[in-house]
Amino acid sequence: MAEAFGAKEETPELKRVMGPGLLLLFIVGDILGTGIYALTGQVAAEVGGVVWLPFLIAFLVALLTACSYLELVTKYPQAAGAALYTHKAFGVHFVTFLVAFAVMSSGITSAATASRAFAANLSTSLGLDLGVWGVPLIAVGFIALVAAVNFRGVGESVKLNVVLTVVELTGLLIIIGIGLWAIAGGEGDVSRAWTFATPEGSGTFWPVVAATGLAFFAMVGFEDSVNMAEECKEPSRLFPKVLLTGLAITGVIYILVAISAITLVPANELGEGETPLLKVIQAGAPAFPISIFAIITMFAVANSALINMMMASRLIYGMARENVLPAMLGKVHATRRTPYIAIVFTSLLAVCLILFAGGVPALGGTTALLLLCVFAIVNVAVLVLRKDKVDHKHFRTPTILPVLGVISCVFLAGPWAGRDPVQYAIAAALLGLGVILWIATVQFMKTSSRAA
């Protein structure tokens, strides 16, 4: 099958510009995206005051899979991430293609959703009435800007990521600071943080499971970093300590934000509407300019879009270089040394989602659903690939961790986890599109073979 794409031609390699500092900020910025700014209230609606608990469990589940990613990215420091590992472990091109398509779709869907959110926040903050097509068109313009930054170079993209990450991190630190100040001043009610409030007769276990499924969306993002392996300096040495540090930082921030939020705002109020953290600001620091925090929220959303589009384009590039996708998608611009064809391809897909896909909340849940399925496969792949030896030192995760990772990911992806059925419908439609593209790719390869 690989031969149908033709032999690899000599092309420029990606520029290695990411050291430990930039990589850490990339990981932290990716995880601290849209999720925490929007999901805190929804999690509180499921479990009440113990809103921090689902975030803690989601962190532990993410940590299990992160260790599998660490073994694989240090063993195979190449772009393409989960799709590359699936290809090496199972060697079934159809499965590899679907995994690649699922990961790419999750990133592009997340970026498109973030772009729409950015446009909506911009429209609201400026008091604009742009009609039905106003917000989508602003979102398309924003995606075009993201594509331009992405094409300019990973150095420029990551530097912008640094700025956006600092801004969004500042917003969350403001929430934590206001919460701690209120607690120190005897305001709010810290005891809420230990109070369950679940639907009558539901117990506590299943509501916590459902809330963990929501909170898990806020923890994804660490997997994007493995797609930047070819643009990192000494990836086999850097990744373990940087990725684990990034996860620890974001986990602590999430728990502190959750405790601060529930201390100042009751769970029933926190769960209403789509701006839970704005309510925390209003309750704990009514004199703080709300418009400033709204701008911070837009920056956080913008950062999510930038990182997801960077990931998606590098994934396409990596798969093309592995001869799973047409070689054209793996072309690197001679001057900018960026995967420009992949950037155009992923940006066009994002535009289509912005203009024609609806149900933004459902798409967010679908993103988490797709990634949970991918994570389960990655945890299996790390065990399968133990028999494949490489000639350099790499991270090795204890065997029990990927086993627990498979079990936890499959469990959270199941319908018993309280998922809206529409998420399965959207996921099925996306994977159906992937099957169609795979068939088209096979036909293209057969035609190319005959012509040769």
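In this report, the structure presented in the accompanying data block is examined.

## Things to note about the side chain of E223
Reasoning step 1: Following the sequence through the fold, E223 ends up in the loop between α8 (205–219) and α9 (235–264).
Reasoning step 2: At 13 Å, R419 is the nearest oppositely charged side chain to E223, a buried residue that forms no salt bridge.
Reasoning step 3: In this structure E223 touches Y69, L371 and F375, once residues within four positions along its chain are discounted.

## Some details on the packing of helix α1 (residues 20–31) against α9
Reasoning step 1: At their nearest, the axes of α1 and α9 sit 9 Å apart, and the two run at 40 degrees to each other. Judged by the angle between their axes, α1 and α9 are oblique. Viewed along their axes, α1 and α9 form a crossing whose handedness is right-handed. Contacts from P20, L23, L24, I27, V28 and I31 of α1 reach α9 at L238, F239, V242, L243, T245, G246, L247, I249, T250 and Y254.
Reasoning step 2: Looking at the contact of α1 with α9 residue by residue, the class counts come to 13 nonpolar, three polar and no charged.

## Side note on the packing of aromatic side chains
Reasoning step 1: Under the criterion given, the structure shown has 10 aromatic pairs.
Reasoning step 2: Taken together, a centroid distance of 6.2 Å and an interplanar angle of 70 degrees make the contact between Y69 and Y85 edge-to-face. Placement of the pair is Y69 in helix α3 (residues 52–75) and Y85 in helix α4 (residues 81–90), with a sequence separation of 16 residues. For the pair shown, Y69 and Y85 are each scored as buried.
Reasoning step 3: Arranged with centres 5.9 Å apart and planes meeting at 70 degrees, the rings of F216 and F375 form a pair that is edge-to-face.

## With respect to the pattern of salt bridges
Reasoning step 1: Applying the stated criterion across every chain, the model contains one salt bridge.
Reasoning step 2: Of the charged contacts in the structure, one is a salt bridge between R386 and E71, with a shortest N-O distance of 2.8 Å. Placement of R386 in the loop between α14 (360–384) and α15 (400–413) and of E71 in helix α3 is noted, with a sequence separation of 315 residues between them.
Reasoning step 3: A residue is classified by how much of its surface remains accessible, and E71, at 1% relative accessible area, is buried.

## What about the environment of M310?
Reasoning step 1: The residue M310 is located in helix α12 (residues 290–321) in this model.
Reasoning step 2: Take M310: its relative accessible area is 0%, and that puts it in the buried class.
Reasoning step 3: In the structure, M310 is positioned 86 residues away from D224 in sequence and 8.6 Å away in space, judged by C-alpha atoms.

## A few points about helix α6 (residues 134–152)
In an α-helix, one full turn covers 3.6 residues, which means residues spaced three or four apart are oriented alike.
Reasoning step 1: For α6, built from 19 residues, the straight-helix expectation of 27 Å at 1.5 Å per residue is met to within 8% by its first-to-last C-alpha distance of 27 Å.
Reasoning step 2: Along α6, the residues classified as buried are G134, V135, P136, A139, V140, F142, I143, V146, A147, V149 and N150.

## Section: the layout of surface pockets
Reasoning step 1: Roughly 290 Å³ of volume is contained in the second largest pocket.
Reasoning step 2: Around the second largest pocket sit 16 residues that line it, and F97, L325, L329, F345 and T441 are the ones nearest its centre.
Reasoning step 3: For the lining of the second largest pocket, the residue count by class is 15 nonpolar, one polar and no charged.

## Describing the packing of α6 against α12
Reasoning step 1: Where α6 contacts α12, the two axes come as close as 10 Å, and the packing angle between them is 55 degrees. By the criterion of interaxial angle, the relationship of α6 to α12 is oblique. As for the relative orientation of α6 and α12, their crossing is right-handed in sense. The segment α6 lies against α12, with F142, I143, V146, V149 and N150 engaging A302, A305, L306, M309, M310, S313 and R314.
Reasoning step 2: In the contact of α6 with α12, the residues fall into nine nonpolar, two polar and one charged.

## A look at the nonpolar core
Reasoning step 1: Counting residues in each nonpolar core, the largest one holds 132 residues, and the members touching the most others are F55, Y69 and F222.
Reasoning step 2: If one sorts the elements of this core by residue count, α12 sits on top with 17 residues.
Reasoning step 3: Once you skip the residues sitting within four places of it in the chain, F55 turns out to touch I36, T40, V43, A215, A218, Y254 and A258.

Criteria and thresholds
- Residues numbered from 1 in each chain as written.
- Predicted model: local features only at pLDDT ≥ 70, side-chain atom pairs only at ≥ 80, totals over all residues.
- Heavy atoms only, no water.
- Helix = DSSP H or I, 4+ residues; strand = E, 2+ residues; numbered from the N terminus.
- Buried < 20%, exposed > 50% of the residue type's maximum accessible area, 1.4 Å probe, protein only.
- Lys, Arg positive; Asp, Glu negative; His and termini not counted.
- Salt bridge = Lys/Arg side-chain N within 4 Å of Asp/Glu carboxyl O.
- Contact = heavy atoms within 4.5 Å.
- Axes fitted to C-alpha atoms, helices over the stretch in contact; angles between N-to-C directions.
- Parallel < 35°, antiparallel > 145°, perpendicular 65-115°, else oblique.
- Left-handed = near helix turned anticlockwise from the far one by under 90°.
- Nonpolar A, V, L, I, M, F, W, Y, C, P; charged D, E, K, R; others polar.
- Phe/Tyr/Trp six-rings, centres within 6.5 Å; stacked < 30°, edge-to-face > 60°.
- Expected span 1.5 Å × (residues − 1).
- 1 Å grid on protein atoms, 1.4 Å probe; cavity = no way out; pocket = protein on both sides within 12 Å on 5 of 7 lines; lining within 4 Å.
- Points joined across faces, edges and corners; volume = space filled by probe spheres on them.
- Core = buried A, V, L, I, M, F, W, Y, C linked by side-chain atoms within 4.5 Å.

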